[in-house]
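Observations on chain architecture
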Amino acid sequence: MSSYVVALDVGGTSMKGGLVSENGQVLVTDRRATPRAEGPDAVVTAIREFIADLAARGGADLAGVGLAVPGLVTATSAVYAANLGWRDVPAQAFVDMDVPVMLGHDVRTGGLAESVLGAGRGVSDFLFLPIGTGIAGAMILSGRPYGGAEGWGGEIGHIPVFPDGEPCACGQFGCLETYASAASVGRRYSERSGVPGVKAEEVVASDDPLAIEVWDEAVEALSLALATYTLLLDPSVIVLGGGLAEAGPALFDPVRTRLVKRLAFRDAPPLVPASLGVNAGMLGAALLGWTAAGRPSVGTGWTMDVRSAPAVS
Ligand SMILES: [Zn+2]
């Protein structure tokens, strides 16, 4: 097997792994549960074992390891992750082998992949906004994911869009995420209708007036946040991903219409769907792995149709 990197996208419930060659071939994909309930050290151990097992399938030519992890992250340390209980875990703690390792923030790493390989290819300034259980953004500025002074940059889900709005789990009020994440859309409809456990996609597809109302508020919240982002950072394009983007025109059309209406003196940037889907974090981690290996520009030469790459399922 040719030279390759191990790439791992570590989420709160599962870890998506892969081996990616220097010409962009996804050689292996695999997925394991994140043993979050067993504590922070158990998760680090599970990651180390997963990486070792993946590397064993790749052979001797392991060039580097890239990991996408949640929370506050630098290239060399998982500084703080509330949902995994981590504080200051050094990158080398995740690997047993003597190979270069690089960490990245999960959403920004997905944004890096969309930037180099996906919907943002060839675009130097854009927003990658995955809308799933929560909402966080990757701001690609001048061709690079931007994390701000301390790594908190891109927390678009916690922009207060409605003054005196509903309380958010983060402690603030009126946050975008409280109205427009997939989890919130389902929860808010359930609260109003008294029907428990309704999923966001069911709300989107429903013609029940309560469902229309909840979806309308989600669209309103999104268009407000995107107008703010557009006015601040002038993106060429806004890339929407995550589970809620699967709603397609039911999401894109009304958000686009309202965003256009919100902006008076400038055009709205196009809204486009993300193209890497669930593989974005893993592919971004592969780019980090090649960067760690001293080959930061490897990914720009990849011509694979990433949609045909095996999905990490
Ligand atoms: Zn919040």
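Residues numbered from 1 in each chain as written. Predicted model: local features only at pLDDT ≥ 70, side-chain atom pairs only at ≥ 80, totals over all residues. Heavy atoms only, no water.

The next thing to look at is the coordination of the zinc ion. Coordination of the zinc ion by the protein comes from His 158 (ND1), Cys 168 (SG), Cys 170 (SG) and Cys 175 (SG), over a distance range of 2.0 to 2.4 Å. One chain supplies every donor to the zinc ion, and in sequence these donors are spaced H-x9-C-x1-C-x4-C. Judged by its relative accessible area of 0%, Cys 175 is buried. (Donors = N, O, S within 2.8 Å, 3.2 Å for Na, K, Ca; no water. Buried < 20%, exposed > 50% of the residue type's maximum accessible area, 1.4 Å probe, protein only.)

Two numbers describe how helix H6 (residues 209–233) lies on helix H7 (residues 249–262): the axes approach to 9 Å, and their chain directions differ by 50 degrees. Considering their axes alone, H6 and H7 lie oblique with respect to each other. Where H6 crosses over H7, the two elements pack in a sense that is right-handed. Between H6 and H7, the contacting residues are Trp 215, Asp 216, Val 219, Glu 220, Leu 222, Ser 223, Leu 224, Leu 226, Ala 227 and Thr 230 on the first element and Ala 250, Leu 251, Pro 254, Val 255, Arg 258, Leu 259 and Arg 262 on the second. Of the residues assigned to the contact of H6 with H7, the class counts are 11 nonpolar, two polar and four charged. (Axes fitted to C-alpha atoms, helices over the stretch in contact; angles between N-to-C directions. Helix = DSSP H or I, 4+ residues; strand = E, 2+ residues; numbered from the N terminus. Parallel < 35°, antiparallel > 145°, perpendicular 65-115°, else oblique. Left-handed = near helix turned anticlockwise from the far one by under 90°. Contact = heavy atoms within 4.5 Å. Nonpolar A, V, L, I, M, F, W, Y, C, P; charged D, E, K, R; others polar.)

Glancing now at the pattern of salt bridges. Summed over the entire model, instances satisfying the criterion amount to 14 salt bridges. In this structure, Arg 48 engages Asp 96 in a salt bridge whose closest nitrogen and oxygen atoms are separated by 3.7 Å. Of this pair, Arg 48 sits in helix H1 (residues 40–58) while Asp 96 sits in the loop between strand S7 (86–90) and strand S8 (101–105), and the two are 48 residues apart along the sequence. Taking the shortest distance from any N to any O, the salt bridge between Asp 234 and Arg 266 comes out at 2.8 Å. You can see Asp 234 sitting in the loop between H6 and strand S12 (237–241) and its partner Arg 266 sitting in the loop between H7 and strand S13 (271–273), a full 32 residues away along the chain. Look at Asp 234 and you get partly exposed, because its relative accessible area is 48%. (Salt bridge = Lys/Arg side-chain N within 4 Å of Asp/Glu carboxyl O.)

It is worth spelling out the sheet that holds strand S6 (residues 77–81) at this point. With respect to topology, three strands assemble into an open sheet ordered S5-S6-S7, the strand pairing being antiparallel. Whereas interior strands pair on both sides, the edge strands pair on one side only; in this sheet they are strand S5 (72–73) and S7. When S6 meets S7, the two strands line up antiparallel, connected through four bridges. Across the sheet, Ala 81 pairs through a bridge with Trp 86, a residue of S7. (Pairing = 2+ DSSP bridges.)

This next bit is on the pairing of strand S1 (residues 4–10). Most of S1 sits out of view: seven of its seven residues are buried. Residue alternation in S1 divides its side chains into two sets, Tyr 4, Val 6, Leu 8 and Val 10 and Val 5, Ala 7 and Asp 9, and both sets are buried. Pairing between S1 and strand S4 (residues 62–69): six bridges, direction parallel. Each bridged residue has a counterpart across the sheet, and for Leu 8 the counterpart in S4 is Leu 67. Both S1 and strand S2 (residues 14–21) contribute to a ladder of seven bridges, which runs antiparallel. Note that in S2 the partner of Tyr 4 across the bridge is Ser 21.

Leu 129, Leu 176, Leu 240 and Leu 251 are the most contacted members of the largest nonpolar core, which has 41 residues in total. Counting residues per element, the ones that place at least two in this core are strand S9 (126–130), strand S10 (138–141), helix H3 (176–180), helix H4 (182–193), helix H5 (200–205), H6, S12 and H7. Once you skip the residues sitting within four places of it in the chain, Leu 176 turns out to touch Ile 135, Ile 156, Gly 157, Ile 159, Val 161, Ser 181, Ala 221, Leu 222 and Ala 225. In this structure, Ala 46, Leu 62, Val 95 and Val 99 belong to the second largest nonpolar core, which totals 31 residues. (Core = buried A, V, L, I, M, F, W, Y, C linked by side-chain atoms within 4.5 Å.)

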